[in-house]
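Geometric and topological summary
Spelled out from the first residue to the last, the chains are:
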Amino acid sequence: MHLLIATHNTHKTEEIAAMLGNLATVTDLTSHPDIPPADETGTTFEENATIKALEASKATSPNTLVLSDDSGLEVDPLSGAPGVHSARYASENATDAENRAKLLQELSATSTKGKDRTARFRCCMVLAQAGKKIAAFDGAVEGLIGTTEKGQSGFGYDPLFIPKGHCETFAELSSSTKNSMSHRARALEKIVAHLKQLTSKNS
Ligand code: IMP
């Protein structure tokens, strides 16, 4: 099976490829320069994941199975921000480092400490083919926001996110540990189960 991942974020593609193992091969939009980044005008992760999946699916052959991911960080003391705006929290073209700096600044203004800095990563994945949505599944991982950046792996808010049950951030944990519990892993598990069902029905 082959999946086109509707993203230009190669970190996401690498995580998805590692989690799928030999179940499917993947490519992403970095090998389709003709498909521009989708306008993420939705107000929920599912709306944005649907926009991304349908745009990529309409621009490719009807045989292409497309998988999109829309994800972000919800921080409770910030009333769920940055949420769907996670990639553009500090500004439209913000870097990951700028977004993390803005998060620490906003949190320090609330003077929320330690165990009250609760947060979760959320992800919605959508499967599409021939311009039609086939399925959508969610995943989430709970944790806390640290006070300083720690670790070098991963991307985005990983150096600030300490998953529940751990003392290290996602950026300090190995990629296989992150991939065993992440929001993306949990949504992908459901997608994989759905794909297996579809394949067994068609065989
Ligand atoms: P999207 O590409 O529009 O879905 O934006 C997702 C944004 O959420 C990323 O740019 C990151 O800032 C953040 N994000 C999503 N998943 C992760 C993750 O696994 N680790 C760290 N940050 C993430």
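Residues numbered from 1 in each chain as written. Predicted model: local features only at pLDDT ≥ 70, side-chain atom pairs only at ≥ 80, totals over all residues. Heavy atoms only, no water.

Section: the nonpolar core
Membership of the largest hydrophobic core comes to 17 residues, with the highest contact counts inside it found for Leu-73, Val-75, Leu-103, Phe-121, Ile-145, Phe-161 and Phe-170. With three residues, helix H3 (residues 96-110) is the largest single contributor of residues to this core. Those residues in contact with Phe-121, other than ones at most four positions away along the chain, are Gly-72, Leu-73, Gly-139, Ala-140, Val-141, Tyr-157, Asp-158, Phe-161, Phe-170 and His-183. (Core = buried A, V, L, I, M, F, W, Y, C linked by side-chain atoms within 4.5 Å. Buried < 20%, exposed > 50% of the residue type's maximum accessible area, 1.4 Å probe, protein only. Helix = DSSP H or I, 4+ residues; strand = E, 2+ residues; numbered from the N terminus. Contact = heavy atoms within 4.5 Å.)

Notes on the site of the ligand
The ligand sits among 17 residues. The nearest are Lys-12, Glu-40, Asp-158, Lys-178 and Arg-184. Contact between the ligand and Asp-158: a nitrogen atom at 2.7 Å from a side-chain N or O atom of the residue. Lys-178 has a polar side-chain atom sitting 2.8 Å from an oxygen atom of the ligand. For the ligand, whose unbound accessible area comes to 490 Å², protein coverage reaches 94%. Among the elements of the structure, strand S3 (65-75) and helix H5 (183-202) are those that each provide at least two residues to the shell around the ligand. (Near = heavy atom within 4 Å. Polar contact = N/O pair within 3.5 Å; in protein donor to acceptor, adjacent residues only side chain to side chain. Areas by Shrake-Rupley, 256 points an atom, 1.4 Å probe, with all protein chains shown as cover.)

Digging into helix H2 (residues 45-59)
Taking 1.5 Å per residue as the helical rise, H2 with its 15 residues ought to reach 21 Å, and the 21 Å between its terminal C-alpha atoms agrees with that figure. Every buried residue belonging to H2 is among Phe-45, Asn-48, Ala-49, Thr-50, Lys-52, Ala-53, Leu-54, Ala-56 and Ser-57, and all of these are buried. Those residues of H2 that are buried are in contact with helix H1 (10-20), S3, strand S4 (118-129) and strand S5 (132-145). (Expected span 1.5 Å × (residues − 1).)

A closer look at the pattern of salt bridges
The full count for this structure, using the stated rule, is 16 salt bridges. With its nearest N and O atoms 2.8 Å apart, the salt bridge here joins Asp-69 to Lys-12. One end of the pair, Asp-69, is in strand S3; the other, Lys-12, is in helix H1, with 57 residues separating them in the sequence. You'll find Asp-69 and Lys-12 in the same group, each marked buried. When salt bridges with common partners are traced through the structure, they connect Lys-12, Glu-15, Asp-69, Asp-158, Lys-178 and Arg-184 into a single cluster. (Salt bridge = Lys/Arg side-chain N within 4 Å of Asp/Glu carboxyl O.)

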